[in-house]
Amino acid sequence: MPSVLKRINEAAKDKVFTVQDYFTLAWNSIRFIFVRPFYTSDLIQQMDAIGVGSLVIVLLTGFFTGMVLALQSAVQLKTFGATIYIGRLVAASMLRELGPVLAGLMVAGRVGSGIAAQLGSMRVTEQIDALNTLGTDPIKKLVTPRVLAALIMLPVLTVINDMVGIFGGNVIAVAYVGIPTSLYWRTVWEQIAAGGFSFHYVPNDFMQGLLKPFVFGGIIAVTGCYFGLNTKGGTEGVGVSTTRTVVSASITILIVDYFLTQLLLAIFSG
Amino acid sequence: MSDDPKKPKDPNEIPDPPKPSRPSGEIDRRREPPTGPKRRKEDELASMETQVFRTVRQQERQRLEKQRHVRNAIRAELAGDAPDELTRMAGMEDDGLLDPVIELDRVSLKFEVPILEDVSFVAHTGETIVVVGESGTGKSTILKLILRLLVPDDGRVMIDGDDITDLSFDEALDVRQKIGMVFQGAALFDSMTVYENIAYPLREHTRLKEDQIEERVREKLSFVDLDPDRVMHQLPSELSGGMKKRVGIARGMANNAEIMLYDEPTSGLDPLTTGTITRLIMKLQRELGVTSIVVSHDIRSSFRMATRVALLAERHIVFFGTPEEMTASEDEYIRDFLGGF
């Protein structure tokens, strides 16, 4: 019996330490943004890889999600004769939820796994130790540029995702339901304006939609780096780290999204 | 055609072999350049070249012998004043009675299981200490302790007389700049070219201008016998195993490190390349006076380069001495380990 308790105790301790390590890594990576030396070229390279590299999948995701949203809502709204509200529905869903979450999930799959695989293979081929030996802090050189790039680029990708999604809805509204473009965009704007404005000019829906990807970006990059840096057991370990990153980051994004939504609704609606 | 009366009838006939060893270190000037046919001339030149090599080697040996005499004389003289310590050191077989550069003092380390227990040794300036032992005995751990990538549970590690055990992370980064490390798989950054790999420590820690960096990179590549123009812009994935190791050595010494650490420098290499890398490590020690710690299980190459050998078994250093002492040892484990070497 005591051995079972001991095992549970050790497993629990292990989990707690993992969480602690994860947050220490997150904290250090953010802290090093403000500490010299700055690896600007690494940052730009990562922004290119994370942002520009993910553009095509985000464009495709956004466009087809917008279209399918318009299509589904058209079928439902037709029964009430309210197809005119397609624009409102697409805009609300895209800006508040689907834009950030889908961009987050797509980037988690593409970039998170890439980060884990790259840092993982650097770990198993002793390149991380080599960095340390050459007097460089691997967190400063490898983690900080990736985290910062994700923090910057995910909101940008989300904005693109939102726009393309609403445009996709537009295509369906015109071609399938027969709503003129001008009317579609007017309902889109009505929806945005209905949410209210922060600082007089910035729509609240948009603010919510931008805060989320900022958090998601951090989750993706830190998770990828954490599993990458802690890779053990050769090339097989790299595969394990990659899988873990995608699964953990995706689930975390969905869970955090729920609580973040509650928080943001309380702030912006309350 | 030629007025040499001794011209051989058969043009393939090998000319007289060079005389064996010469008592003095002087170059033999009696031998006149041959006036025979072209082939004979070439052979003559080749043999002269061997002759010159032999002479230079002999001179070098004499110089070292002389140094040893002087050093022993100094030791003997000093020993009169401070008998205990210096007599002990004079009695040691080490060639350099010099400053201790790396010191491990009763170091112990354990993770889940004990890895090292009570491990102590000292490496003096210019020494090459080879740590040998079975796989999994914690040989590479010793290198990580010296680099302070690991901190011992007990005991102290000192570099140039400074205790590095309690340093902060940033202070440890400074200490590491004195040390060049060559990893088992070379650990070159695969996203960078050979040039960028070697330039990395320079860009990171010096204010050298780009042309000075290039000059240094070229110098280091030439030192490790690689053609800078050919390899500089290649990626590590385009290099062979031996070339990677050489680039790894060039990167380790880029910052003019005074200490070089090698983790299994010859593992996975063919016998010829093993020889090349071994010679390179010896060249670093001889020409630059670098202090080296080599972790290896290749006994043959270890014995060639080691000034002293440390044998690690069961978490302890069970033998520490010169290769000659090791081969002469009657200890059963050592005999088994050497396996009839």
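On a predicted model such as this, the values are computed, not experimentally measured, just so you know.

## Let's talk about the packing of helix H3 (residues 55–80) of chain A against helix H4 (residues 86–124) of chain A
Residues and elements named next belong to chain A.
- Close contact between H3 and H4 brings their axes to 9 Å; oriented N to C, the two are set at 145°. Where H3 crosses over H4, the handedness of that crossing is right-handed. Across the interface between the two elements, Ile-57, Thr-61, Gly-62, Thr-65, Gly-66, Leu-69, Ala-70, Ser-73, Ala-74 and Leu-77 of H3 pack against Ile-86, Leu-89, Val-90, Ser-93, Met-94, Leu-98, Leu-102, Met-106 and Arg-110 of H4.
- Of the residues that constitute the contact of H3 with H4, the class distribution is twelve nonpolar, six polar and one charged.

## Some details on the pairing of strand S6 (residues 179–182) of chain B
Residues and elements named next belong to chain B.
- Covered by surrounding structure in S6 are Ile-179 and Met-181 together with Gly-180 and Val-182, the residues of both alternating faces.
- Across four bridges, the pairing between S6 and strand S7 (residues 259–263) is parallel. Looking at the pairing, Ile-179 lines up with Ile-259 of S7.

## A word on the environment of A:Ile160
Residues and elements named next belong to chain A.
- Secondary-structure assignment places Ile-160 in helix H6 (residues 138–177).
- For Ile-160, a relative accessible area of 24% gives the class partly exposed.
- Along the primary structure Ile-160 and Leu-59 are separated by 101 residues, whereas in three dimensions their C-alpha atoms are 7.2 Å apart.
- Other than its neighbours up to four places away in sequence, Ile-160 contacts Leu-55 and Leu-59.

## So, the interface of chain B and chain A
- Contacts between chain B and chain A engage 22 residues on the former and 15 residues on the latter.
- Of the roughly 1600 Å² buried where chain B meets chain A, counting both sides, 58% is carbon and sulfur surface.
- At the junction of chain B and chain A, the tally comes to seven residue pairs in polar contact (both at pLDDT 80 or more).
- Listed by contribution, the elements that provide at least two residues to the side of chain B that touches chain A are helix H4 (169–176), S6 and helix H5 (194–205) of chain B.
- The element contributing the most residues to the side of chain B that touches chain A is H5(B), with four residues.

Thresholds, definitions, all that
Residues numbered from 1 in each chain as written. Chains lettered and ligands numbered in written order. Predicted model: local features only at pLDDT ≥ 70, side-chain atom pairs only at ≥ 80, totals over all residues. Heavy atoms only, no water. Axes fitted to C-alpha atoms, helices over the stretch in contact; angles between N-to-C directions. Helix = DSSP H or I, 4+ residues; strand = E, 2+ residues; numbered from the N terminus. Left-handed = near helix turned anticlockwise from the far one by under 90°. Contact = heavy atoms within 4.5 Å. Nonpolar A, V, L, I, M, F, W, Y, C, P; charged D, E, K, R; others polar. Buried < 20%, exposed > 50% of the residue type's maximum accessible area, 1.4 Å probe, protein only. Pairing = 2+ DSSP bridges. Buried area = accessible area lost by both parts, 1.4 Å probe. Polar contact = N/O pair within 3.5 Å; in protein donor to acceptor, adjacent residues only side chain to side chain.

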